[in-house]
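# Examining the three-dimensional arrangement
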Amino acid sequence: SNQQTYKENDKKLKDIENIFSNYGESFSKEELEEILKDGEIRFENKTPPGYKDNKKSENKYGDLIVWKQILEFSKTCDKPICFITNDDKEDWWIQEYEKPSNGRFELKKEIYKEFSNNFEMYTLKKFMEKSKENLGIQIKEENLENVEKIRENRNIKKSETQFITSKSEVIN
């Protein structure tokens, strides 16, 4: 069909699919058990990320599992890590005026200490603004406003996250 041919010949679409299709390997049962043990210690010490989810009955270690996946990915990546999340709780972010302003220093320190990778975090809105500013990507102001409204209304599941390995890899 024409649509299939179009998808096969669309270089930008392939580039985007390549960026967002590398999720890494799932953890084994034994690895997950170790992460959960580590989670108890981290939660007791309020070590980010995830300790704000300590009261959850389900998936309270979800943020920590995502973080461990980022650390695992860092082992094989020699580029800066850029993590995009709409989870705006203080166990990921330094808060200014009750809004996320910068990723927690403990996270940056942990990833750098283990793998010498630089680590940056952005909300989706901030990532879109940076892409517009630094890469010249055309993004309408109304789209930025809509992303912020959605975040504020908490219509985006806070656990929805995605990371990419390099700002320069976004769209070439």
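From a predicted model like this one, the values you see are computed outputs, not experimental measurements.

### Some thoughts on the overall build of the protein chain
A count of helical and extended segments in the protein chain gives 7 helices and 5 strands. Across the protein chain, helices and strands are ordered from the amino to the carboxyl terminus as α-α-α-α-β-β-β-α-β-α-α-β. Burial statistics for the protein chain: of 172 residues in total, 37% are counted as buried. Across the protein chain, the fraction of contacts at a sequence separation of at least 24, relative to all contacts at a separation of at least 6, is 63%. Surface accessibility of the protein chain: about 11400 Å² in total, with carbon and sulfur atoms responsible for 47%.

### As for the pattern of salt bridges
A side chain with one charge may pair with a side chain of the opposite charge, provided their charged atoms come close. Scanning the model with the defined rule gives 14 salt bridges in all. With a shortest N-O distance of 3.2 Å, Lys-75 and Glu-72 are connected by a salt bridge.

### Description of the packing of aromatic side chains
Summed over the entire model, instances satisfying the criterion amount to 6 aromatic pairs. With 6.4 Å between their ring centres and 50 degrees between their planes, Tyr-122 and Phe-127 make a pair best called tilted. Judged by its relative accessible area of 12%, Phe-127 falls in the buried class. Site record: aromatic cluster; members linked through ring pairs are Trp-67, Phe-83, Trp-92 and Phe-119.

### Some points on the layout of surface pockets
Estimated volume of the largest pocket: approximately 290 Å³. Lining of the largest pocket is provided by 15 residues; of these, Pro-100, Ser-101, Thr-123, Lys-126 and Glu-129 occupy positions nearest its centre. Within the residue set of the lining of the largest pocket, elements represented by two or more residues are β3 (99–103), β4 (119–122), α6 (124–135) and α7 (141–153). By residue class, the composition of the lining of the largest pocket is 4 nonpolar, 3 polar and 8 charged.

### Description of the pairing of strand β1 (residues 81–85)
Among the 5 residues that make up β1, 5 are buried, leaving the element largely enclosed by the rest of the structure. The alternating pattern of β1 places Ile-81, Phe-83 and Thr-85 and Cys-82 and Ile-84 on opposite faces, both of which are buried. As judged from the 4 bridges shared by β1 and β4, these two strands associate in the parallel manner. Bridge pairing in β4 links Cys-82 to Glu-120.

Definitions and cut-offs
- Residues numbered from 1 in each chain as written.
- Predicted model: local features only at pLDDT ≥ 70, side-chain atom pairs only at ≥ 80, totals over all residues.
- Heavy atoms only, no water.
- Helix = DSSP H or I, 4+ residues; strand = E, 2+ residues; numbered from the N terminus.
- Buried < 20%, exposed > 50% of the residue type's maximum accessible area, 1.4 Å probe, protein only.
- Contact = heavy atoms within 4.5 Å.
- Areas by Shrake-Rupley, 256 points an atom, 1.4 Å probe, with all protein chains shown as cover.
- Salt bridge = Lys/Arg side-chain N within 4 Å of Asp/Glu carboxyl O.
- Phe/Tyr/Trp six-rings, centres within 6.5 Å; stacked < 30°, edge-to-face > 60°.
- 1 Å grid on protein atoms, 1.4 Å probe; cavity = no way out; pocket = protein on both sides within 12 Å on 5 of 7 lines; lining within 4 Å.
- Points joined across faces, edges and corners; volume = space filled by probe spheres on them.
- Nonpolar A, V, L, I, M, F, W, Y, C, P; charged D, E, K, R; others polar.
- Pairing = 2+ DSSP bridges.

These figures come from the coordinates and say nothing about function on their own.
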